[in-house]
Amino acid sequence: MYPYTEGRQNHASNHRSTRQFKEGRNSPVKRRRLCTSALVAGIFLKFHSEFYAEISHMDLPIMTRFPKTSSLILGLALFAAPCIAQIYVSPFGADANPGTKANPVRTLARATALARRAIPAAQGDVTILLAGGTYRLTRPLELGPEDSGANGHNLVYAADPGARPIISGGVRITGWRLFNSAKNIWSAKVPPYVKGARQLYIDGVRATRTRGRLPVALTMTPTGYTAANATMASWKHPSWMEFVYTGGNSVWSERGEGLGSWTQPRCPVASIVGTTITMQQPCWDNSTMRVMLPSGERTANLVGPMSVGKEPTYVENAFELLGTPGQFYLDRDTSTIYYTPRPGEDLATADVELPVLQSLIDATGTPADPVHNIVFSGIQFSYATWRGPNGPDGFSEIQAGYQVTGPDGYAKQGLCTLVPGGECPYGDWTKEPGDVRFQFAHNIQFLRDDFVHLGAAGLDLGEGAQNDLVQGSIFKDISGNGLELASVNAPLAPPAAFASDNRIENNLFEDVGAEYRGGIGIVIGYARHTLVAHNLLEQLPYASISIGWGGWPDKIRKAGQANNSALNVLSDNLIHNEMLVLSDGGGIYTQGLTGSSLADGERVSGNVVYNQYSSGHAIYTDNGGSMITVDGNVMFHDDHDNWGSRHRDWYDDNDGKVDDPLLIENNYWQQGDPDASRENVTENGNHIITSLSETPASILDNAGLEPAYRNIVDLRFAKPAPPQAPTRVAAWGGNGYADVTWSPTVDQGGSPVEAYIVRASNGEETRISSDDFWKYAYVKFTGLHSGQPLTFTVSAVNRQGVGVASLPSLPVTLSDRTIAPPAAPAGVRVYPGKNAVSIHFQLPHEDRADGQPSPILAYQVTVNPGGRKVTFTGRNVIVLEGRHTTFNTIGGLESGKSYTFSVTAVNNAGPGTPVTVGPVTVQ
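As the structure is a prediction and not an experimental result, all values here were calculated from the model. (Residues numbered from 1 in each chain as written. Predicted model: local features only at pLDDT ≥ 70, side-chain atom pairs only at ≥ 80, totals over all residues. Heavy atoms only, no water.)

A.B. asks: Give me the lowdown on the pairing of strand 20 (residues 336–339), citing residues and values where you can.
C.D. replies: Here strand 20 shows a buried face lined by T336 and Y338 and a second buried face lined by I337 and Y339. Taken together, the four bridges between strand 9 (residues 185–189) and strand 20 define a ladder with antiparallel strand orientation. The residue bridging A188 from the neighbouring strand is I337, located in strand 20. Here strand 19 (residues 327–331) pairs with strand 20 via four bridges, running antiparallel. Among the inter-strand pairings, Y329 is bridged to a residue of strand 20, identified as Y338. In sequence, strand 19 turns back onto strand 20 through a hairpin of four residues, with S335 there showing a positive phi of about 50°. (Buried < 20%, exposed > 50% of the residue type's maximum accessible area, 1.4 Å probe, protein only. Helix = DSSP H or I, 4+ residues; strand = E, 2+ residues; numbered from the N terminus. Pairing = 2+ DSSP bridges.)

A.B. asks: If you had to explain the sheet that holds strand 8 (residues 177–180) to someone new, which residues and values would you point to?
C.D. replies: Across a sheet, strands are paired by hydrogen bonds formed along the backbone, either parallel or antiparallel in direction. Spatially, 7-21-10-11-19-20-9-8 is the arrangement adopted by the eight strands of the open sheet, whose pairing is mixed. Sheet topology places strand 7 (170–172) and strand 8 at the edges, where each strand pairs with a single neighbour. With strand direction ignored, the average angle separating the axes of adjacent strands in the sheet is 35°. Pairing between strand 10 (residues 200–202) and strand 11 (residues 205–209): three bridges, direction antiparallel. Of the residues in strand 11, the one forming a bridge with I202 is V205. (Axes fitted to C-alpha atoms, helices over the stretch in contact; angles between N-to-C directions.)

A.B. asks: Which residues make up the state of the cysteines, and what values go with them?
C.D. replies: Using the criterion set out here, one finds two disulfides in the structure. C267 shares a disulfide with C283; S-S distance 2.0 Å. On the S-S bond that ties C267 to C283, the torsion sits near -85°, and the link is left-handed. Of the two residues, C267 is situated in strand 16 (residues 266–273) and C283 in helix 6 (residues 283–288); the sequence distance between them amounts to 16 residues. Of the residues examined, C267 reaches a relative accessible area of 2% and is grouped as buried. (Disulfide = S-S within 2.5 Å.)

The quantities given are spatial measurements derived from coordinates; they are silent on function.
What follows is the structure in structure tokens.
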């Protein structure tokens, strides 16, 4: 079934694609001569198909009764195959058919086999036309060099005009019965070959495996944990459970876990005996014993910490946690799946899809013999999974879906010369696989395709990708990364094996990282001459675009990994509402060497990045990021910085004497850095803005999808539903009140989130609009009783209704202790712009030392002369910590006039001690 792919059927006809047979390239005379035999064969086949229909009542199979005739028919079909320009396939066809429109084949494998025979003599594209419906694969469609287009033409897999075919790796689950009426738990049987399900979809809406806070306190040990009591010892199938460690900003009661705030690793449990919890290996060692440098200075991988080192954020996939709407559990031993429906779901009529295959398309070539000239147009790829994290490796994340794997991964993998016995090259960690994957593939095109409801990365154009194009496609509801390009295992590969000349244009990326929150919209390893342009990236849990690798050695005063990357361009992309869960990323994240000079290095231009929730940078030049030009971009409401940051240059024997070369010019931002050129970094001609409306319309209008592709945002792949739950709920308890914050909903369901409902464990609730939450980043819950331990949950609301509640916050106890106003903010600086200023500030020093007895909720600025007061609020204020700096802007100032600015931190006791800066003369 495919009831939720609305609107796509008209798009294919709006734009000419390579699936159209190129009549002009072929002489009609030559084609008539070539295909005369095809006509004869078709007539012969039609006659015999009618004859077969007449004798179909006979007991013996036709091939037995008429072996010579059947062989003749098959031989003529194969003889005719090279002349076929179009091969038709339908879920209701039969593989014994010839593949005509009237008699289509049923499977993609059979259609591909027919195309393979037709390609060598083809005088144009060989097109496989897919009728509407679902093509349920029992194994991946495997493509090799022999399936490549020939003579400059393509093998094209295209939707039949007006159709919307779905290539699926899932099975439909039916026969639901009520299992537990008190908890509204339903059950159904699944095929016995289904093991370890990680995703489930009800009418296209993703369900999650059961999850909950740990019911008992844990103390970490070398092999796992010791529990405070034996509560979990009686839980069923402990080896199927996973402990999940979510990164992100540490705020109030919620600490950032994980292997860095940009990660969300997870490890499976091995056993629970009494109070002893043993974790599975090698995931546990790879996540808790990452080897240190011989100097002990930091981990040898140079990326993150040695260990998760903390209690898990939650436990996942436990039978005992069943009962929350929208969550499921698969009992592998009995082949039974359990699920609690969300309000409005009817399992008797719903399309319930369980992904089974771990790959839909697997295409592999070699540098000398690549897969090439294959086009996919108007096709939906859905319901594939990835069971890797179920196994002993778990998901020991490094960054961007790359993981440490293997029994000694923590001590060797990707560590090269940094430790004895390290494996080279540096940074070669295990890549998250794609559910559609190509290796050493040239001239591959994905045109107006949809990658939705997938359990790994959506599309992987890996090693040796060259001249590939992804255009007008949608990447949505994907567990991991959206699109992966190139690799990190061969930074100095020769030209034939190096990713180059690829284009990613006019695509939509939304709600990727749906399961593995470190997932990124577009992840590019080492590549040359890549164009990433006019994409729309929104509603993402972490970074939007990541490009480059291997720059971390600058942390220990060494050059980053040498590589052949150069001439990559990221331009005119529209990025907003990103970094919704994890932190220390950016709208566009770059690291490592990007070229040999600014002339052939990376160029980031014309992008618009706004509404970044967690701390990081809008455009992030991270470790070793060198030879980068950031020109003509818009960066607004980004937490903490618009652009960052400088790093010392250890390449080419520079020995850290100067910074990595960067050119930052002509941007529109709030950062306000003054023009300067020092130590290889030039900032020039950048403009302070106080709203997006102050940006030239030419930049705003040009960013994101071009007009011909803007209709893809209207496509729907799921039944309209309330939003998914927010995450990382944190609270701080005061005298009769609590402040509550959280990470916003990523998957908004059928319409944008309008409000959030916060519920206390004592039954009280309050509500805040989505606009106000983005403005203030917290809600004050009043009318509570001091001395009372409370937890809080949050539900999102849209036009379809109220979504399922989040996991509860950790308990906080309200207190009547006296709260003092905060000390003066630190590091206050004011940079002037055109009728505006940018004000930078840090957390008050005293609040750094004593752990913030009351959280800082705002910063108030008094502008003199005039006494005007401006208040800065938002997530960048709530999560500001340590020596980090954040900023905001004030407009409406008179050009040429001098002002002073008094900045005060505000907590629950009110404004604190001010610090005054100025006078500053406005431009």
